[in-house]
Protein chains: 2
Amino acid sequence: MLPRTYPEENCSIARSLEILGDRWTLLVLRDALRGISRFDALQAGLGLAKNVLADRLERLVGAGILDRRLYQQRPDRSEYLVTEKGRALWPVLVAMMDWGDRYCSPLGPPRIAVHETCGGTLHAELVCDGCDLDIEAIHVSTRAGPGARRRSP
Amino acid sequence: MLPRTYPEENCSIARSLEILGDRWTLLVLRDALRGISRFDALQAGLGLAKNVLADRLERLVGAGILDRRLYQQRPDRSEYLVTEKGRALWPVLVAMMDWGDRYCSPLGPPRIAVHETCGGTLHAELVCDGCDLDIEAIHVSTRAGPGARRRSP
């Protein structure tokens with residue numbers, strides 16, 4: 001079994017993966033961002049087991065990424081709406097789209113991320129606050145930040 | 001068991017997750033990008049089981065994200081170097097850092113992604129090729145691309 005949390009890690013990637021580090025979780029979020037909000041529609045689209053979907057939805061609601069809202073009573077039926085915290089994951093998903101388009105999609109991008117306001121195409125790019133230029137990904141390193149533990153390298 | 005591939009999916013996020021959709025895989029890549037290249041050092045830093053690390057390294061080498069190189073013989077010892085395809089995942093990792101910093105790091109960012117050339121701070125941002133402005137993540141939708149299957153919505 002893989003652990004679900006990384007108590008030894010003081011790392012924002014590890015903390016994101018505590019929530020997102022599962023194949024289905026990001027695909028559920030992808031479909032929720034496309035406006036697929038109901039359990040049956042999510043399940044039909046993804047083709048995953050109901051108990052797995054229920055678990056992932058529960059976890060996404062618990063993490064504040066989805067909001068559960070009752071849309072019908074007797075029997076109760078809920079839909080799942082993406083919160084601001086969930087929409088803030090667009091750059092993660094678009095960065096994955098870009099990489100998958102480049103390295104895993106020989107026929108070309110299956111889907112395009114669109115800026116609704118102007119109809120342009122969106123990509124996730126590294127942006128530098130120092131020189132104000134997009135940069136080649138190769139020139140990246142990391143250093144301790146304000147939330148680092150003492151003696152963090 | 002979760003499937004490792006999504007044959008029904010024609011989606012670059014799903015294809016990326018076929019390779020990356022595992023907590024440890026992205027943490028192994030994170031450390032490899034920091035220059036930790038040897039098995040023992042990766043294992044000590046991550047604290048994961050040797051067989052799990054061996055499996056994830058094998059998968060990353062098979063996917064062309066890491067290169068295995070012998071650095072010692074008798075006994076044979078290999079190191080793992082990140083390829084261009086692996087470095088191209090920086091935007092995914094930085095997007096996760098940014099999100100984790102914002103929502104999961106109350107004490108502030110544990111680490112800062114640095115543009116080595118100028119020393120500036122890096123972030124992963126959605127960039128629009130239509131209006132040339134960074135945009136709010138909320139105004140995103142997707143449409144079929146050139147690699148879409150027929151009748152893709």
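Preceding this paragraph is the structure being described.
This one's a predicted model, so the numbers in the text were calculated from it and none came from an experiment. (Residues numbered from 1 in each chain as written. Chains lettered and ligands numbered in written order. Predicted model: local features only at pLDDT ≥ 70, side-chain atom pairs only at ≥ 80, totals over all residues. Heavy atoms only, no water.)

Observations regarding the overall build of chain A
(1) Moving on: Regarding its fold elements, chain A presents six helices and five strands.
(2) Moving on: Shown N-terminal to C-terminal, the secondary structure of chain A runs as helices and strands in the order α-α-α-α-β-β-α-α-β-β-β.
(3) Moving on: Expressed along its principal axes, the backbone C-alpha trace of chain A runs to roughly 55 × 40 × 30 Å.
(4) Moving on: Per-residue burial over chain A gives 52% buried out of 153 residues.
(5) Moving on: Relative to all contacts within chain A whose residues are 6 or more apart in sequence, the contacts with residues 24 or more apart total 41%.
(6) Moving on: Roughly 7700 Å² of accessible area belongs to chain A as shown, and the carbon and sulfur atoms make up 49% of that amount.
(7) Moving on: Taking the average location of the 21 positive side-chain charges in chain A and that of its 20 negative ones, the two points are 7 Å from each other. (Helix = DSSP H or I, 4+ residues; strand = E, 2+ residues; numbered from the N terminus. Buried < 20%, exposed > 50% of the residue type's maximum accessible area, 1.4 Å probe, protein only. Contact = heavy atoms within 4.5 Å. Areas by Shrake-Rupley, 256 points an atom, 1.4 Å probe, with all protein chains shown as cover. Lys, Arg positive; Asp, Glu negative; His and termini not counted. Charge placed at Lys NZ, Arg CZ, Asp CG, Glu CD.)

Looking at the interface of chain A and chain B
(1) Moving on: Taken residue by residue, the interface counts 88 residues in chain A and 88 residues in chain B.
(2) Moving on: In total, chain A and chain B occlude about 8400 Å² of area from one another, counting both sides; carbon and sulfur atoms represent 63% of this.
(3) Moving on: Looking at the side of chain A facing chain B, the largest losses of area belong to Ile-13, Arg-23 and Trp-99 of chain A, adding up to 11% of the total buried there.
(4) Moving on: Between the two partners, chain A and chain B, sit two salt bridges.
(5) Moving on: The partner of Glu-84 of chain B in a salt bridge is Arg-102 of chain A, and the shortest N-O contact between them spans 3.1 Å.
(6) Moving on: Counting across the interface, chain A meets chain B through 37 residue pairs in polar contact (both at pLDDT 80 or more).
(7) Moving on: Of all elements in the fold, only α1 (12-20), α2 (23-33), α4 (50-62), α5 (84-87), α6 (90-104), β3 (111-115), β4 (122-128) and β5 (140-144) of chain A reach the threshold of two or more residues within the side of chain A that touches chain B.
(8) Moving on: The dominant element in the side of chain A that touches chain B, judged by the number of residues it contributes, is α6 of chain A, at 14 residues.
(9) Moving on: Of the residues in the side of chain A that touches chain B, the class split is 49 nonpolar, 19 polar and 20 charged. (Buried area = accessible area lost by both parts, 1.4 Å probe. Salt bridge = Lys/Arg side-chain N within 4 Å of Asp/Glu carboxyl O. Polar contact = N/O pair within 3.5 Å; in protein donor to acceptor, adjacent residues only side chain to side chain. Nonpolar A, V, L, I, M, F, W, Y, C, P; charged D, E, K, R; others polar.)

A look at the pattern of salt bridges
Residue and element names in this part refer to chain A.
(1) Moving on: Per the stated rule, a full pass over the model turns up 15 salt bridges over all chains.
(2) Moving on: The residue Arg-30 makes a salt bridge to Asp-31 at a minimum N-O spacing of 2.9 Å.
(3) Moving on: Overall, the relative accessible area of 8% leaves Arg-30 in the buried class.
(4) Moving on: A salt bridge links Glu-79 to Arg-69, with the shortest nitrogen-to-oxygen separation between them at 2.4 Å.

Section: the packing of α2 of chain A against helix α1 (residues 12-20) of chain B
(1) Moving on: Packing of α2 of chain A against α1 of chain B leaves a shortest axis separation of 10 Å and a crossing angle of 170 degrees. Classified by the interaxial angle, the pair formed by α2 of chain A and α1 of chain B is roughly antiparallel. Judged by residue contacts, Arg-23, Leu-26, Leu-27 and Arg-30 of chain A of α2 of chain A engage Ile-13, Ala-14, Leu-17 and Glu-18 of chain B from α1 of chain B.
(2) Moving on: For the contact of α2 of chain A with α1 of chain B, the residue count by class is five nonpolar, no polar and three charged. (Axes fitted to C-alpha atoms, helices over the stretch in contact; angles between N-to-C directions. Parallel < 35°, antiparallel > 145°, perpendicular 65-115°, else oblique.)

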